[in-house]
Amino acid sequence: MTYSGTPNNNDLSEYTAMNDVKQLIHTVPKAELHMHIEGSLEPEMMFQLAQRNGIALPYADVDAIRKAYQFDCLQDFLDVYYQGMSVLVNEPDFYDLTWAYLQRCKAQNVVHTEIFFDPQGHTERGIAFDTVIRGISRALADGQSELGISSHLILCFLRHLDQRSAQETLDQAEPYLHLIAGVGLDSSEVGHPPSKFTEVFDRAGGLGLKRVAHAGEEGPPEYVWEALDLLHIDRIDHGNRSLEDRTLVRRIAESGIALTVCPLSNLRLAVVPDLARHPIREMLNAGLKATVNSDDPAYFGGYVNENYNALVDALNLSQREIIELVINGFEASFLDDARKQQHIQAVRGCA
Ligand code: ADE
Ligand code: ZN
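Note that this is a predicted model, so its numbers are computed, not measured. Note on numbering: residues in each chain are counted from 1, in written sequence order. Going through the entries in the order they are written, you letter the chains from A and number the ligands from 1. In view of the model being predicted, local features appear only for residues whose pLDDT reaches at least 70, and side-chain atom pairs are presented and counted only at 80 or more, with totals across whole chains, interfaces and linings using the full set of residues. Note: side-chain values were computed over all heavy atoms of the structure, leaving out hydrogens and water.

### As for helix 11 (residues 246–255)
(1) Moving on: The buried label goes to any residue with under 20% of its type's maximum accessible area, the exposed label to any with over 50%, and the partly exposed label to all in between, with areas taken from a 1.4 Å probe on protein chains only. We count a stretch as a helix when DSSP gives it H or I for four or more residues in a row; a strand needs E for two or more, and each element gets its number in order from the N terminus. For helix 11, the complete set of buried residues consists of Leu248, Val249 and Ile252. The arc that holds every buried residue of helix 11, seen down its axis, measures 100 degrees, which confines them to one face. Across helix 11 from its buried face, at more than 90 degrees, point the exposed residues Arg246 and Glu254.
(2) Moving on: Tucked into the core, helix 11 has its buried residues touching helix 10 (221–229), strand 6 (235–238) and strand 7 (258–261).
(3) Moving on: Polar contacts, as counted here, are pairs of nitrogen or oxygen atoms within 3.5 Å of one another; within protein the pair requires one atom able to donate a hydrogen and one able to accept it, and residues that are adjacent in sequence qualify only if both atoms are side-chain atoms. With a side-chain oxygen positioned 3.0 Å from the backbone nitrogen of Thr247, the residue opening helix 11 is Asp245.
(4) Moving on: Just beyond helix 11, the residue with positive phi is Gly256, at close to 75 degrees. Each C-beta atom gives one direction from the helix axis, and the arc is the one those directions make. We call two residues in contact when some of their heavy atoms are within 4.5 Å.

Laid out in structure tokens, this is it:
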């Protein structure tokens, strides 16, 4: 909300209410369910790691990097994202990246996080799977013991690569299944439907892994149907375009399957023209279990709280809607029921 001149009483009470909601957003314990760890690489760390590893970046400085973060679509972003992750080489790089994200979680009262990683983004350039997972999981263990933040790790397959490469990645993951909660599907959506990955998702399910997939971010509702019916997913990442198909909306609502929605990502990748037209309220009103997440916070202008705050600014979400979204985050998590209930009680205590 912006002011010109002296606010009248109505403006003031609206302003106070909005500040109360933002205070609630800050203090309430939250879960994050959709965050690519490589997408939390802040420009400052990108420069430090480039120097540490002797890698040349095509940017003069941190400001030049930030200026380059103008995207017209998902592919525009992915080109920059894959280039950015090239500074991650050794185990301590993956540790430092993950630890920095966990400190953001601590500062924003995120008490549980489910983190994606893109092993093929590293193995394709000669970094061992082992190096990646050891660095990330060591930081996650420290996050639990030193910061009290619980976490799960989700291995994403890059959908622009073929199923054979995904199978090889799952082979590499097998010795580390005790560190991995689930598999996901990300990268360039259009032209790479979920049906391309049926077998590897079946195999992951057989190994006891949870299954999630990006679907309906840029791709059509048919991709969401495929993710549900062919990949047997436990959660839909994004899912915005599900709203174009009423039968699909009913199916998702009745199944209770959650959507991990990423408002600032949707804005920066032109999935929505402007946040005032973001469909999150429509999702809640349709009975969908929507959650709020940051996707790639270093690239899209904010972590979880900035995403909630941006929704409040654009849509004037109420305290009740915020609490519903936060509770959805815990309900849709892969925590056990007892832990979910503990967190939900703590959330209700903040209302
Ligand atoms: N990888 C990282 N962020 C992504 C997004 N928003 N969509 C698909 N793949 C991604
Ligand atoms: Zn994502």
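### Here's the deal with the sheet that holds strand 3 (residues 150–158)
(1) Moving on: Taken in spatial order, the eight strands make up an open sheet running 1-2-3-4-5-6-7-8, and their pairing is parallel. The open sheet has two free edges, formed respectively by strand 1 (30–36) and strand 8 (289–292), since each of these has just one partner strand. When strand polarity is set aside, the average angle formed by the axes of neighbouring strands in this sheet is 25 degrees.
(2) Moving on: Judged from the two bridges that link them, strand 4 (residues 182–186) and strand 5 (residues 210–215) form a sheet pairing that is parallel. When the bridges of strand 5 are listed, Gly182 appears paired with Lys210. Strand pairing follows a simple DSSP-based rule, namely that at least 2 bridges must link the two strands. Lines fitted to the C-alpha atoms define the axes, with helices restricted to the stretch that makes contact. Angles between their N-to-C directions range from 0 to 180 degrees.

### Some details on the side chain of Lys30
(1) Moving on: Within the element layout of this structure, Lys30 appears in strand 1.
(2) Moving on: Lacking a salt bridge, the buried Lys30 has Glu306 as its closest oppositely charged neighbour, with an N-O distance of 9.7 Å.
(3) Moving on: Those residues in contact with Lys30 that lie beyond four places of it in its chain are Ile25, Gln108, Asn109, Val110, Val111, His112, Val304, Asn305, Tyr308, Val326 and Phe330. For the purpose of counting charges, residues Lys and Arg are taken to be positive, whereas Asp and Glu are taken to be negative. His and the chain ends are not included. Here, a salt bridge means any Lys or Arg side-chain nitrogen found within 4 Å of an Asp or Glu carboxyl oxygen.

### Things to note about the packing of aromatic side chains
(1) Moving on: In this scheme Phe, Tyr and Trp rings, the latter by its six-membered ring, pair at centre separations within 6.5 Å, and the angle between planes marks the pair as stacked below 30 degrees, edge-to-face above 60, and tilted otherwise. Under the definition given, this model contains 13 aromatic pairs.
(2) Moving on: Ring centres of Phe77 and Phe300 lie 4.8 Å apart, and the angle between their planes is 50 degrees; this geometry places the pair in the tilted category. A residue pair is termed long-range when its members are at least 10 positions apart, and Phe77 in helix 4 (residues 74–84) and Phe300 in helix 14 (residues 297–300) qualify at 223 residues. Each of the two residues, Phe77 as well as Phe300, counts as buried.
(3) Moving on: Both rings, one in Tyr81 and one in Tyr82, keep their centres 5.2 Å apart while their planes meet at 65 degrees; by these two values the pair is edge-to-face.
(4) Moving on: These aromatic residues form a ring-pair network of at least three members: Tyr69, Phe71, Phe77, Tyr81, Tyr82, Tyr299 and Phe300.
(5) Moving on: Its guanidinium or amino end placed over the ring of Phe334, Arg235 lies 4.0 Å from that ring's centre, counting from NZ or CZ. Charges are assigned to positions over rings by a cutoff of 6 Å between ring centre and Lys NZ or Arg CZ, combined with an angular limit of 35 degrees from the ring normal.

### Considering helix 16 (residues 319–331)
(1) Moving on: Expected helix span is given by 1.5 Å per residue-to-residue step, counting one fewer step than there are residues. End to end, helix 16 covers 18 Å across 13 residues, agreeing with the expected 18 Å (1.5 Å per residue, within 8%).
(2) Moving on: Looking only at helix 16, the buried set comprises Glu321, Ile322, Ile323, Leu325, Val326, Ile327, Asn328, Gly329 and Phe330.

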